[in-house]
Every structure is written in C-alpha cells, then in structure tokens.
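Understanding the architecture of this molecule
In case you want the letters, here they are:
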Amino acid sequence: MKILITIGIVVLAGVVVYYGFRSRRMDDEAGRKEKAEEKPSGCASSLDGLKTEETRQQIVLPEDETIPYRENMAKLKEELYHFLNHGLRMMYRAYGENDWGSLEEIGDISEELYRKMQEIVKNLPEYAGSLVNELFSCMDFKDGSAGKTVVLKEKEKGRKAYLSFMMPFYPSYYPVFYEGGIRYSALLSPETLKLFSGLSGKKFRPGYRNRYRTGVRAFEWEKNRYKVFDKDGLMLCDAVFEDGKPVHGFGQIRKEDPKSPDWEIVQSGMWKDGIYESSTVRYEYKKAVK
C-alpha cells in the first residue's frame, strides 16, 4: 500500500512538472510571436520618419540649389556670354579702325541679368570676375525698351579693360591683325576663353584660326613667349610681353613720329627688362605711295 502511494505521488509530481514546462514554453513562443508582429510596425514607423525628414529637407532647400533656379542662372550666364562676345567684337572693330572715341552703345541686357549680375560674377573664378567687373565699372546702364542699354561712359578706362581681354601682344600689333583680316576671337586671351566657356558651357581653343587672308599664321607661342608674324610671314617679335609691350627678347615696335604724323618710328631689336637695348631705328612713311 505504501508502495502504491509513493508511486502515485511520483507520477503526480511528473505531471505537474511536465505541464509547468509546457506552459512556460507556450508563453515563450507567444512572446516571440508578439515581438515578430511588432517589428514590421516599428520598421514602417522608421520609414515614415525618414519620409517626413526628407519632405522637411525638400521644403527648406535653399533657393540656389533648386533645379528651376539653376536653369534660370544658366540662361542668364549664357546671355552674359553673348553680350560680352558682341561687345568685344564691337570694340575690336573700333580699336582696329582707330575710332575708339566714337564708341558708345555696346549692347542691351535684360532687366533680370542686370539684377543678378553681381550674383553671377560673385560665383565666377577670381580672374573671370575681375575681367567682368573691370569692364562693367566703366559702363553706364540706361533704361531701354527690352531692358538695359549698356553705354561706354569712361573711354580710357574702357580701353584698358578691353585690352585685358586680349592676347598680351595685341596692343603692339593690332593694326597688322585688323588690316590682315584676323578674326577677333583668335586674339582673345586664354583667360577670356575660360570665362566664355564657364558662362556658355562651350569649348574654346586659344589662337584658333589665327591666319591672315594670305594664309600665313599670325602668331604662335610656348608658355608666355610669343612669336608674331605679319601677313607676309615676316617675324615681328619673339618675346615675353607685359602691359602690351615686349620685356624680354626680340621685338619690333612702331610709334607715330610726334613731329610728323605721316611718318612712323620703327624700333626693331632686343628688349631686356622692358627696355629697348640695341639694333635699328628707322622711319617709315605711313601713307601708301601712288
């Protein structure tokens, strides 16, 4: 009898342990299911937060980073390029014909370009901004039918600004180039062409098609040393230039005889540190002999 009671107690204890273990196991599985069900909900909440943050960032995006703003600024920069190209072409003609004093109206720009000009210039490379600022500092802007008419108000300052857009040797030999039919774009400096490229998105090559009507190449260069030729192939210089004049090397310079305007003084020889050192000085009659 005692044995039976003992066996019953053992069996009962085993049943209790078994069901207790099973209940705890079921509770653990239920907990894991609940966590698994909660996880997608948490991910969705995170994604919603990201979308909200993205939307918030789009709303506060600075004006100068929006696509419409950039597209509009690109159009205004291209307009500035066309204006500069047209204006410099006019100046090249006036300078070549020794008629700078009659130059007045340079062209027209839109009201919007006039308002945004400083913003455009501010975002240009320093050398490019200096070129544009120097040119516009001697201009006046008058109200016109389609915007602003740009007028050259300071002639001498404008002349110096114009020359800063050109090749370094241009001031010494411009009559030769103009009379020989060299296109103005071939004489624009590399810095000017970089400015034009930045404004228009086009590519430009310095010295492109720099030939006279005779087919002779007008100039060639290596680094900052230039060789310039006349329309018949006679070398006019092989020198380094500064402020439009030879400073080192061979150069031929013409200047009007102050006592007799029909004659020119021609200095042809070596220059050192900007000083004419040796060779020949001759007089040439400017007017063609009939």
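Below is a summary of the structure that appears in this document. (Residues numbered from 1 in each chain as written. Predicted model: local features only at pLDDT ≥ 70, side-chain atom pairs only at ≥ 80, totals over all residues. Heavy atoms only, no water.)

What follows deals with the overall build of the protein. In terms of helices and strands, the protein carries seven helices and nine strands. Across the 290 residues that make up the protein, the buried fraction comes to 33%. Pairs at least 24 apart in sequence give 48% of the contacts found in the protein among residues at least 6 apart. For the protein, the exposed surface amounts to about 19000 Å²; the carbon and sulfur share of it is 53%. (Helix = DSSP H or I, 4+ residues; strand = E, 2+ residues; numbered from the N terminus. Buried < 20%, exposed > 50% of the residue type's maximum accessible area, 1.4 Å probe, protein only. Contact = heavy atoms within 4.5 Å. Areas by Shrake-Rupley, 256 points an atom, 1.4 Å probe, with all protein chains shown as cover.)

Another point: the layout of surface pockets. Reported here for the largest pocket is a volume of approximately 790 Å³. Forming the boundary of the largest pocket are 25 residues, of which P175, V176, E179, R254 and E264 lie nearest the centre. Those elements that provide at least two residues to the lining of the largest pocket are helix 6 (170–180), strand 7 (245–256) and strand 9 (275–285). Here the lining of the largest pocket takes eight residues from helix 6, the largest share from any one element. Grouping the amino acids of the lining of the largest pocket by side-chain chemistry returns nine nonpolar, five polar and 11 charged. By volume, the second largest pocket is sized at about 520 Å³. Lining the second largest pocket are 21 residues, with L163, S164, P171, D243 and G244 sitting closest to its centre. For the lining of the second largest pocket, the leading source of residues is helix 6, giving three residues. (1 Å grid on protein atoms, 1.4 Å probe; cavity = no way out; pocket = protein on both sides within 12 Å on 5 of 7 lines; lining within 4 Å. Points joined across faces, edges and corners; volume = space filled by probe spheres on them. Nonpolar A, V, L, I, M, F, W, Y, C, P; charged D, E, K, R; others polar.)

Moving on, we get to the side chain of K148. If you trace the backbone, K148 turns up in strand 3 (residues 148–152). Of the polar contacts made by the side chain of K148, one reaches the side chain of D143; its length is 2.5 Å. Discounting residues that sit within four places of it in the chain, K148 has contacts with G107, D108, I109, E111, Y114, F141, K142 and D143. (Polar contact = N/O pair within 3.5 Å; in protein donor to acceptor, adjacent residues only side chain to side chain.)

Let's shift gears to the pairing of strand 6 (residues 235–242). With six of eight residues buried, strand 6 is to be regarded as a mostly interior element. Two elements, strand 5 (residues 225–229) and strand 6, share five bridges in a ladder whose sense is antiparallel. What sits directly across from K227, in strand 6, is D238. Turn length for the strand 5-strand 6 hairpin, with the two strands adjacent in sequence and antiparallel, is five residues, and the turn residue G233 shows positive phi of about 95 degrees. With six bridges joining them, strand 6 and strand 7 adopt antiparallel strand pairing. Bridged to C237 within strand 7 is G251. In textbook terms, the turn of a hairpin is the stretch between consecutive antiparallel strands, and for strand 6 and strand 7 this stretch comprises two residues, one of which, D243, has a positive phi near 55 degrees. (Pairing = 2+ DSSP bridges.)

Here the phi dihedral of R209 falls at roughly 60 degrees; this positive angle occurs in a residue that is not glycine. Even without glycine at this site, D243 takes up a positive phi of about 55 degrees. Of note, D243 is situated in the loop between strand 6 and strand 7.

A word on the pairing of strand 3. For strand 3, the tally of buried residues reaches five of five residues, placing the bulk of the element in the interior. Residues K148, V150 and L152 point to one face of strand 3 and T149 and V151 to the other, with burial holding for every one of them. With four bridges joining them, strand 1 (residues 105–109) and strand 3 adopt antiparallel strand pairing. Its bridge partner being in strand 3, G107 is matched across the sheet by V150.

This part takes up the nonpolar core. Within the largest apolar cluster, 62 residues are counted, with the highest numbers of intra-cluster contacts made by L84, Y162, F169, Y170, F177 and L195. No other element matches the 12 residues that helix 2 (residues 67–96) contributes to this core. (Core = buried A, V, L, I, M, F, W, Y, C linked by side-chain atoms within 4.5 Å.)

Our focus in this paragraph is helix 6. Buried within helix 6 we find Y170, S172, Y173, Y174, F177 and G180. Each element contacted by the buried residues of helix 6 is listed here: helix 2, helix 5 (155–163), strand 5, strand 6 and strand 7. Looking one or two residues beyond helix 6, the residue adopting positive phi is G181, at roughly 85 degrees.

This paragraph deals with a positive patch on the surface. A contiguous patch of positive charge, built from R89, R93, R183 and R209, is present on the exposed surface. Tracing the backbone through its elements, the reader meets R89 in helix 2. (Patch = residues over 30% accessible without salt bridge, like charges linked within 9 Å, V, L, I, M, F, W, Y side chains within 5 Å. Salt bridge = Lys/Arg side-chain N within 4 Å of Asp/Glu carboxyl O. Lys, Arg positive; Asp, Glu negative; His and termini not counted. Charge placed at Lys NZ, Arg CZ, Asp CG, Glu CD.)

Before going further, it helps to examine the packing of helix 2 against helix 4 (residues 126–136). Relative to each other, helix 2 and helix 4 sit at 60 degrees, their axes nearing to 13 Å. Comparing their axes, helix 4 and helix 2 come out oblique. For helix 2 against helix 4, the interelement crossing comes out left-handed. Taking contact as the criterion, the partners of L80, F83, L84 and M91 in helix 2 are, on helix 4, V132, L135 and F136. Partitioning the contact of helix 2 with helix 4 into residue classes produces seven nonpolar, no polar and no charged. (Axes fitted to C-alpha atoms, helices over the stretch in contact; angles between N-to-C directions. Parallel < 35°, antiparallel > 145°, perpendicular 65-115°, else oblique. Left-handed = near helix turned anticlockwise from the far one by under 90°.)

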